[in-house]
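# Survey of secondary and tertiary structure
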Amino acid sequence: MYDDLLNIVLGVIATGVSAALGWLARTALWRRGLRRKQAFFGLPGNAECLLVVNRDAGTDGAVRRFDVFALLELSALIKDCGAHARIVSHDAAQQGFGERTEFCLGGPSSNRRMEAHLRILLPGVTVNTEMEPAEERSAFAIGAERYLIDPGMHEYVLLARLTAGEGRRPVFLFCGQRAITNQAAARYLVRHHEKLARKYGADGSFVLLLKVVNSQAYGPDVVELVADVTREARTAVETAA
């Protein structure tokens, strides 16, 4: 009887020790993953970051619906890092970069800050902001290549992580040909940030060209990586005299 009771007690103790060790291991892995995530996004605990949004030219300064969805996805990611977000309009974010992490959404036609970022940080990228001809509208020119939009079927978006300024906090750009592509790029970043951090490092810069496939049927979910265009995007294109 005594031996049976002792075996039961020892079994309970062993189970408790195993559970405690498992919990400690899971906690250590979670904390290590959190630190890597915070380092990649430049968001240590209680840090503040900027969410810079564009405005829909056809409304009274409202944010496009798909851009709002993108903000929601990024806000959840920021909260997971233990940081805080401040949403500012593109024409009110009058400050440099590097002091705090920035997420900037929208094309240069509706986002003045995106236009400045492309001009200064990505001189090899040109986005056609003219309305005519229609087939050239919102076309990307990256180096020697051009990428035309086929609305609803295939649309392109640039996803970039760039570091500049003294603070070296990253600037994330979501520059799409349509608002739904901005959400697609934000979702891609949320889903693949671990893979991107392993490939480019916690301090690395990259510029990825993504293609959103058949958004009229699949929304922002089906995204293909077209190419890493970091070198082309950051190299100024020589213009003919």
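### A few points about the pattern of salt bridges
One pass over the full model with this rule turns up 11 salt bridges. A salt bridge links Glu 48 to Arg 100; its shortest N-O distance comes to 2.7 Å. One end of the pair, Glu 48, is in strand E1 (residues 48-53); the other, Arg 100, is in the loop between strand E2 (84-89) and strand E3 (102-105), with 52 residues separating them in the sequence. Classification of Glu 48 as partly exposed rests on a relative accessible area of 35%. Measuring nitrogen to oxygen at the nearest pair gives 2.8 Å for the salt bridge that ties Glu 73 to Arg 187. Separated by 114 residues along the polypeptide, Glu 73 in helix H2 (residues 65-80) and Arg 187 in helix H4 (residues 179-200) bring together distant segments of the chain.

### Some details on the nonpolar core
The biggest cluster of nonpolar side chains holds 31 residues, and the ones touching the most others in it are Phe 41, Leu 43, Phe 103, Leu 159, Phe 174 and Leu 189. The greatest single-element share of this core, amounting to 7 residues, is contributed by H4. With near-sequence residues (within four places) excluded, Phe 41 lies in contact with Leu 77, Thr 101, Phe 103, Pro 170, Phe 172, Leu 189 and His 193. In this structure, Val 52, Ala 93, Leu 118 and Val 207 belong to the second largest nonpolar core, which totals 26 residues.

### Quick word on the sheet that holds strand E6 (residues 145-147)
Pairing within the open sheet is antiparallel, and its 3 strands lie in the order E4-E5-E6. The open sheet has two free edges, formed respectively by strand E4 (125-127) and E6, since each of these has just one partner strand. Shown here is a sheet whose adjacent strand axes are inclined to one another by a mean of 15°, direction ignored. Here E4 runs beside strand E5 (residues 140-142); their pairing, made up of 3 bridges, is antiparallel. Paired with Val 125 across the two strands is Ile 142, which belongs to E5.

### Observations regarding the packing of aromatic side chains
Throughout the structure, instances matching the rule amount to 9 aromatic pairs. Their ring planes at 10° and their centres at 5.1 Å tell us that Phe 103 and Phe 172 sit as a pair that is stacked. Of the two residues, Phe 103 sits in strand E3 while Phe 172 sits in strand E8 (residues 170-176), which places them 69 residues apart along the sequence. Of the residues examined, Phe 103 reaches a relative accessible area of 0% and is grouped as buried. Members of the aromatic cluster, joined through ring pairs, are Phe 40, Phe 41, Phe 103, Phe 172, Tyr 200 and Phe 206. Above the ring of Phe 66, the side-chain terminus of Arg 65 is found at 4.5 Å from the ring centroid. One residue, Arg 161, lies across the ring of Phe 40, its end atom 5.0 Å from the ring centre.

### Quick notes on unusual backbone geometry
Positive phi values are uncommon outside glycine, yet Asn 46 reaches one of about 70°. Its place among the elements puts Asn 46 in the loop between helix H1 (2-41) and E1. Accessibility expressed as a relative area gives 63% for Asn 46, which makes it exposed.

### Observations regarding the pairing of strand E9 (residues 206-213)
Counting buried positions over the 8 residues of E9 gives 6, a clear majority of the element. Sheet topology note: the strand E7 (residues 154-163)/E9 ladder contains 8 bridges and is antiparallel. Looking at the pairing, Val 157 lines up with Leu 210 of E9. With 5 bridges joining them, E9 and strand E10 (residues 223-228) adopt antiparallel strand pairing. Bridge pairing in E10 links Lys 211 to Glu 224.

### Observations concerning the pairing of E1
E1 sits mainly inside the fold: 5 of its 6 residues count as buried. Note that E1 and E2 share 6 bridges and pair parallel. Along E2, the bridge assignment pairs Val 52 with Val 88. Sheet analysis places E1 next to E3, joined by 3 bridges and oriented parallel. Bridge assignment links Val 52 to a residue of E3, and that residue is Cys 104.

Calculation criteria
- Residues numbered from 1 in each chain as written.
- Predicted model: local features only at pLDDT ≥ 70, side-chain atom pairs only at ≥ 80, totals over all residues.
- Heavy atoms only, no water.
- Salt bridge = Lys/Arg side-chain N within 4 Å of Asp/Glu carboxyl O.
- Helix = DSSP H or I, 4+ residues; strand = E, 2+ residues; numbered from the N terminus.
- Buried < 20%, exposed > 50% of the residue type's maximum accessible area, 1.4 Å probe, protein only.
- Core = buried A, V, L, I, M, F, W, Y, C linked by side-chain atoms within 4.5 Å.
- Contact = heavy atoms within 4.5 Å.
- Pairing = 2+ DSSP bridges.
- Axes fitted to C-alpha atoms, helices over the stretch in contact; angles between N-to-C directions.
- Phe/Tyr/Trp six-rings, centres within 6.5 Å; stacked < 30°, edge-to-face > 60°.
- Lys NZ or Arg CZ within 6 Å of the ring centre and 35° of its normal.

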